Amino acid sequence: MIPWLNPALEQLFVDAAIETLTMVGGAAAVAILLGLPLALLLYATGPGGLAQNGLANRPLGLLVNAVRSTPFIILMVAIVPFTRLVAGTSIGTTAAIVPLALAATAFIARLFETAFREVDRGVIEAARAMGATRLQILVKVVVPEAMPGLIAAVTVTLVSLVGYSAMAGAVGGGGLGDLGIRFGYQRFMPEVMASVVVVLIVFVQGLQSLGDWIVRRIRRR
Amino acid sequence: MSAAIATPGTLPGETAIPEAAIRLTELRRHFSTSGSTLVKALDGVSLSVAPGEIFGIVGRSGAGKSTLIRCVNLLERPDSGSVRVLGEELLGLDDAALRERRRGIGMVFQHFNLLASRTVADNVAFPLEVAGVPAAERKTRVAEALALVGLAEKAKNYPTQLSGGQKQRVGIARALAPRPKILLCDEATSALDPETTQEILGLIKTLRDQLDLTVLLITHEMAVVKEICDRVAVMERGQVIEEGRVFDVFTRPAHPTTRRFIADTIGHSIPPGTVARLPAPGAGEARRLLQVLFAGPNSTRSVISEASRRYGLDLNIISGRIDEIAGEPFGIMALAAYGAPEQIEAALAWFAELGLGITPIPDSAVEGH
Ligand SMILES: Nc1ncnc2c1ncn2[C@@H]1O[C@H](COP(=O)(O)OP(=O)(O)OP(=O)(O)O)[C@@H](O)[C@H]1O
Ligand SMILES: [Mg+2]
């Protein structure tokens with residue numbers, strides 16, 4: 001696979017890549033699943049929203065901001081008890097998904113909310129004039145109309161998660177970032193470091209291009 | 001044209017006659033912007049629109065037109081007043097009942113407001129989907145609505161692939177798909193070029209005749225009113241300042257704002273150079289510039305030569321033409337009248353007696369005297 005690595009290192013490399021994919025994929029899946037309703041709630045209860053409600057909006061917004069403003073490395077350590085509760089352990093790849101998912105949920109919720117806000121108010125007004133309920137407006141108008149923005153938000157989140165997942169090595173999460181630190185840096189094996197960097201660049205580029213391509217496809221129609 | 005319009009007795013305030021399709025009474029809506037200033041967007045507006053009628057509302061930007069039309073389906077709730085649509089007061093309804101009534105009131109928007117994520121057919125299907133119409137029936141109704149606006153072949157396209165005029169046709173098809181009795185148009189043609197505007201106005205008129213719709217239409221262009229409306233209300237600062245049959249409002253505008261609006265479409269101004277070249281009045285004589293509008297039974301009488309003889313005036317015809325509103329012809333003439341001041345006044349009174357519309361034209365050259 002990677003000709004300049006010996007078979008043992010190559011195996012480590014493949015394992016690490018799978019761990020990165022697991023962390024990024026797992027965290028992103030949770031973030032989308034939780035972030036979408038959270039963003040809809042933030043959007044609907046927000047100022048000028050379909051179900052404007054400051055009492056619900058402000059605490060939610062504060063919570064999201066709190067998570068977003070905590071540096072990831074601190075967040076990871078701070079929520080160890082919660083991680084243990086959810087994952088049964090606080091170390092390893094699965095455990096690392098918990099703080100990653102939490103950070104990504106807050107991150108993507110704000111991006112989704114922004115995408116919803118960009119939906120033309122006129123279109124929403126038209127739906128109201130046609131007798132749509134608020135739920136119908138959210139499901140049939142706001143979400144589909146925001147789709148290009150939502151896809152772009154998922155892309156940005158995935159790319160950020162690749163970066164964050166490298167830090168998850170600190171709690172034994174493994175992954176390419178961890179491999180790079182342990183072998184490339186601590187054991188001074190530049191070829192490992194170079195491979196990690198190249199693979200991460202290709203991975204991120206691939207994600208970005210895929211995301212952009214989907215957005216373009218949706219927008220073109 | 002529907003039967004309802006043939007009875008010109010259905011004017012607001014008059015009794016009996018079938019219930020108006022839309023009856024707005026004493027609507028008030030105030031907005032407090034940035035604390036101190038209070039905007040009276042609607043300041044006691046009453047209107048009634050007869051079934052089958054195309055009713056226009058004109059006014060400058062900020063007059064309160066959009067606020068008014070949005071009150072008809074309660075997109076905007078008035079602070080006070082009454083909103084009766086098809087004989088029913090809407091203000092007392094709960095949310096579910098209101099949504100149900102909104103489905104019977106189609107609305108068309110200046111910027112079309114189509115869903116970019118849906119095809120033309122799916123856009124038209126939207127109001128039916130929302131109303132819970134089964135898929136099979138939805139399909140036939142969408143096809144029917146698209147056929148009405150002549151866009152059947154664009155069913156599978158997305159809105160971005162259409163021209164402005166086509167988008168508005170989709171907007172109209174979408175508004176009509178649930179078979180409403182009422183169509184609200186908020187500046188439906190303001191984003192379109194003049195030719196496309198004609199096309200869309202023609203379509204609205206045809207559809208009104210075909211489907212027996214009642215149309216309430218908002219515009220800032222008198223030309224639109226002249227083109228398709230039966231009656232018109234002129235709004236200014238949240239109030240209706242003039243209202244009546246389009247022909248009457250055009251030929252005998254009472255309010256200065258209305259006159260200014262009309263001047264834009266059937267203008268009576270005379271170029272200053274032309275005024276400068278007119279002969280000056282002789283000693284003891286006055287000169288008056290007038291626009292005379294010929295409409296009604298006396299419009300075919302030879303009033304100019306008659307006035308000249310009766311009052312000893314020299315009447316110099318500067319320009320003249322014939323126009324038409326809703327099939328009724330009228331003539332407009334710009335005159336320079338020379339003669340004894342009291343004779344000119346007497347002639348003007350006689351013109352007015354004959355039912356001709358007289359509008360003075362400012363005469364810069366003579367005003368100094
Ligand atoms: N939601 C709102 N909040 C505050 N002020 C408003 C609101 N809606 C309308 N207004 C004010 O009410 C007045 C009437 O607005 P409206 O949109 O009805 O005017 P309009 O006649 O439709 O004008 P235009 O031709 O520009 O569309 C304006 O002064 C406007 O600024
Ligand atoms: Mg408006």
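All figures in this text were calculated on a predicted structure; none of them were measured in a lab.

S.K.: In this structure, what is going on with the sheet that holds strand β12 (residues 314–325) of chain B? I would like to understand it.
M.R.: Strand pairs in the sheet, formed through backbone hydrogen bonds, run parallel or antiparallel to each other. Residue and element names in this part refer to chain B. The strand order across the open sheet built from four strands is β12-β13-β11-β14, with neighbouring strands paired in antiparallel fashion. Since the sheet does not close on itself, it has two edges, and those belong to β12 and β14 (357–360), each with one partner. Strand-to-strand, the axes of this sheet are offset by a mean angle of 20°, without reference to chain direction. Across eleven bridges, the pairing between β12 and strand β13 (residues 328–339) is antiparallel. Bridge assignment links Leu315 to a residue of β13, and that residue is Ala337. Sitting on the sheet, helix α12 (residues 303–311) is in contact with β11 (286–294), β12 and β13, with an inclination near 150° to β12. Along the sheet, helix α13 (residues 341–353) contacts β11, β13 and β14; its crossing angle with β11, the most-contacted strand, is approximately 5°.

S.K.: It is not clear to me how the side chain of A:Thr83 should be interpreted in this structure. Could you clarify?
M.R.: Tracing the backbone through its elements, the reader meets A:Thr83 in helix α4 (residues 80–87). In contact with A:Thr83, other than residues within four places in its own chain, are A:Gly88, A:Thr89, A:Ser90, A:Ala95, A:Val98 and A:Pro99.

S.K.: Please explain the nonpolar core as it appears in this structure.
M.R.: The nonpolar side chains of a soluble globular protein tend to be buried, and buried together. Ranked by internal contacts, the top residues of the largest apolar core, which has 89 residues, are A:Phe116, B:Ile22, B:Leu68, B:Leu184 and B:Leu216. Residue contributions to this core peak at 13 residues, all from helix α5 (residues 93–117) of chain A. Setting aside chain neighbours within four positions, we find A:Phe116 in contact with A:Leu36, A:Ala39, A:Leu40, A:Tyr43, A:Val142, A:Val143, A:Ala146 and A:Leu150. Within the second largest apolar cluster, 54 residues are counted, among which are B:Ala155, B:Ile204, B:Val246 and B:Phe330.

S.K.: What exactly am I supposed to notice about the pairing of strand β4 (residues 80–85) of chain B here?
M.R.: Side-chain direction in a regular strand flips from residue to residue, so the side chains alternate between the two faces of the sheet. All names here are of chain B. Taken together, the five bridges between strand β1 (residues 22–33) and β4 define a ladder with antiparallel strand orientation. What sits directly across from Thr25, in β4, is Ser82. Examined bridge by bridge, β4 and strand β5 (residues 88–89) share two bridges and lie antiparallel to one another. In the sheet register, Arg84 faces β5, and the bridge partner there is Glu89. Hairpin connection between β4 and β5: a loop of two residues separates the two successive antiparallel strands, and Leu86 in this loop has a positive phi of roughly 50°.

S.K.: Which parts of the structure should I look at to understand the layout of surface pockets?
M.R.: Over the atoms, a rolled probe matching the size of one water molecule traces out where space is still vacant. Counted as a void, the largest pocket has a volume near 620 Å³. Surrounding the largest pocket, 21 residues form its lining, A:Leu50, A:Arg128, A:Arg134, B:Leu75 and B:Arg102 being those nearest its centre. Only α6 (121–129) and α7 (134–145) of chain A together with α3 (95–102) of chain B provide two or more residues apiece to the lining of the largest pocket. Taken together, the residues of the lining of the largest pocket sort by class into eight nonpolar, four polar and nine charged. Taken as a whole, the second largest pocket spans an internal volume of roughly 480 Å³. Around the second largest pocket, the lining is made up of 23 residues, and of these A:Glu145, A:Pro148, A:Arg219, B:Ala116 and B:Ser117 lie nearest the centre. Residues of the lining of the second largest pocket, tallied by class, amount to twelve nonpolar, five polar and six charged.

What counts, and where the lines are drawn
- Residues numbered from 1 in each chain as written.
- Chains lettered and ligands numbered in written order.
- Predicted model: local features only at pLDDT ≥ 70, side-chain atom pairs only at ≥ 80, totals over all residues.
- Heavy atoms only, no water.
- Pairing = 2+ DSSP bridges.
- Helix = DSSP H or I, 4+ residues; strand = E, 2+ residues; numbered from the N terminus.
- Axes fitted to C-alpha atoms, helices over the stretch in contact; angles between N-to-C directions.
- Contact = heavy atoms within 4.5 Å.
- Core = buried A, V, L, I, M, F, W, Y, C linked by side-chain atoms within 4.5 Å.
- Buried < 20%, exposed > 50% of the residue type's maximum accessible area, 1.4 Å probe, protein only.
- 1 Å grid on protein atoms, 1.4 Å probe; cavity = no way out; pocket = protein on both sides within 12 Å on 5 of 7 lines; lining within 4 Å.
- Points joined across faces, edges and corners; volume = space filled by probe spheres on them.
- Nonpolar A, V, L, I, M, F, W, Y, C, P; charged D, E, K, R; others polar.

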